[in-house]
Amino acid sequence: MHRALQSDERVIHMSALTLQDVKDRLRVDFADEMTDRDLTRYIEEANMYSRGALGAGYPADDERVKSAQCDYIRLSYDSANISEKERSALEKRIERLHTQVRLEMRLGSDDV
């Protein structure tokens with residue numbers, strides 16, 4: 001029998017991405033407090049997006065999840081400089097990566 005989760009029982013899943021990981025992948029090589037705050041917020045948003053796409057128990061340390069999260073962050077951080085074609089390609093890539101991980105989670109296997 002399933003029971004509803006109480007608000008204090010929610011699973012909080014932290015991203016395995018660090019601010020430095022994101023800065024390295026996005027090639028942000030300068031120190032700026034505002035940029036760091038924005039990127040930290042985008043990391044939290046990407047984590048919530050992955051949790052919604054994959055479920056609470058998703059493997060945050062999976063490189064495909066990290067790549068999807070970095071792509072999501074790039075869409076947010078660099079939105080003014082991304083063409084519509086590139087935006088579409090990144091969105092499709094995020095979905096493909098999440099689909100691969102979701103399939104493995106359902107099958108319970110790392111070698112799908």
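The model shown is predicted, which means the values in this text are computed figures rather than measured ones.

Chemist: What is the right way to look at unusual backbone geometry in this model?
Modeler: It is generally the case that most residues other than glycine have a negative phi and that most peptide bonds are trans. Positive phi is not limited to glycine here, since Arg-27 has a value of about 60 degrees. Assignment of secondary structure puts Arg-27 in the loop between helix H1 (19–26) and helix H2 (33–54).

Chemist: Sorry, what's going on with the nonpolar core here?
Modeler: Here is a general trend for soluble globular proteins: nonpolar side chains tend to be buried in one another's company. In terms of nonpolar packing, the biggest core is built from 10 residues, these being Leu-17, Val-22, Leu-26, Val-28, Leu-39, Tyr-42, Ile-43, Ala-46, Cys-70 and Ile-73. Residue assignment for this core shows that the elements contributing at least two residues are H1, H2 and helix H3 (63–77). At four residues, the largest contribution of residues to this core is made by H2. For Val-22, the residues in contact, after removing those within four places along its chain, are Leu-17, Leu-39, Ile-43, Cys-70 and Ile-73. Of all hydrophobic cores here, the second largest spans six residues; its members include Ala-68, Leu-90, Ile-94 and Leu-97.

Chemist: In this structure, what is going on with helix H4 (residues 84–107)? I would like to understand it.
Modeler: An α-helical turn contains 3.6 residues, so a residue and the one three or four places further along point in the same direction. Counted at 1.5 Å a residue, the expected span for H4 with its 24 residues is 34 Å, and the 35 Å between its end C-alpha atoms agrees. Every buried residue of H4 is accounted for by Arg-87, Leu-90, Ile-94, Leu-97, His-98, Val-101, Arg-102 and Glu-104. In this structure, the buried side of H4 is in contact with H2 and H3. Within two residues after H4, Gly-108 carries a phi angle of roughly 70 degrees, on the positive side.

Chemist: Any chance you could explain the environment of Asp-36 here in plain terms?
Modeler: Structurally, Asp-36 can be placed in helix H2. Classification of Asp-36 by relative accessible area gives partly exposed; the value is 21%. Counting along the chain gives 17 residues from Asp-36 to Leu-19, while the straight-line C-alpha distance between them is 7.3 Å. Each residue touching Asp-36, except ones within four places of it in the same chain, is listed here: Leu-19 and Lys-23.

Chemist: Can you walk me through the side chain of Asp-71 in this structure?
Modeler: Here Asp-71 is to be found in helix H3. With sequence-adjacent residues up to four places away left out, Asp-71 is seen in contact with Leu-90, Arg-93, Ile-94 and Leu-97.

Chemist: Help me out: how do you make sense of the packing of H1 against H3 in this one?
Modeler: Describing two packed helices takes the angle between their axes plus the distance from one axis to the other. Close contact between H1 and H3 brings their axes to 10 Å; oriented N to C, the two are set at 70 degrees. When the axes of H1 and H3 are compared, the pair comes out roughly perpendicular. Crossing of H1 over H3 shows right-handed handedness. In contact with Val-22, Arg-25 and Leu-26 of H1, H3 contributes Glu-63, Lys-66, Ser-67, Cys-70, Ile-73, Arg-74 and Tyr-77. When its residues are assigned to classes, the contact of H1 with H3 shows five nonpolar, one polar and four charged.

Each value, and the rule that gives it
For every chain, the first residue of the written sequence is number 1, and numbering continues from 1 onward in sequence order. Note on the predicted model: pLDDT of at least 70 is required for a residue's local features to be given, and 80 or more for side-chain atom pairs to be given and counted; whole-chain, interface and lining totals, by contrast, use all residues. Water and hydrogen atoms play no part in the side-chain values, which are based on all heavy atoms of the structure. The way it works is that DSSP assigns letters per residue, a run of H or I at least four long becomes a helix, a run of E at least two long becomes a strand, and they are numbered from the N terminus. Nonpolar cores are built from buried Ala, Val, Leu, Ile, Met, Phe, Trp, Tyr and Cys residues. Side-chain atoms within 4.5 Å join them into one set. Three labels apply to residues, based on accessible area from a 1.4 Å probe with only protein chains included: buried if under 20% of the type maximum, exposed if over 50%, partly exposed otherwise in between. Whether two residues are in contact is decided by their heavy atoms: any pair within 4.5 Å suffices. What a helix should span is 1.5 Å times the count of its residues minus one. Axis definition: a line fit to C-alpha positions, over the contact stretch in the case of helices; interaxial angles, taken between N-to-C directions, run 0 to 180 degrees. Between 65 and 115 degrees an angle is taken as roughly perpendicular, under 35 as roughly parallel, over 145 as roughly antiparallel, and anywhere else as oblique. For any helix crossing, the convention is left-handed if the near helix is rotated counterclockwise from the far helix by under a right angle, and right-handed if that rotation is clockwise. In the scheme used here, Gly and all other residues not listed as nonpolar or charged are polar, with Ala, Val, Leu, Ile, Met, Phe, Trp, Tyr, Cys and Pro taken as nonpolar and Asp, Glu, Lys and Arg as charged.

By themselves these figures say nothing about function.
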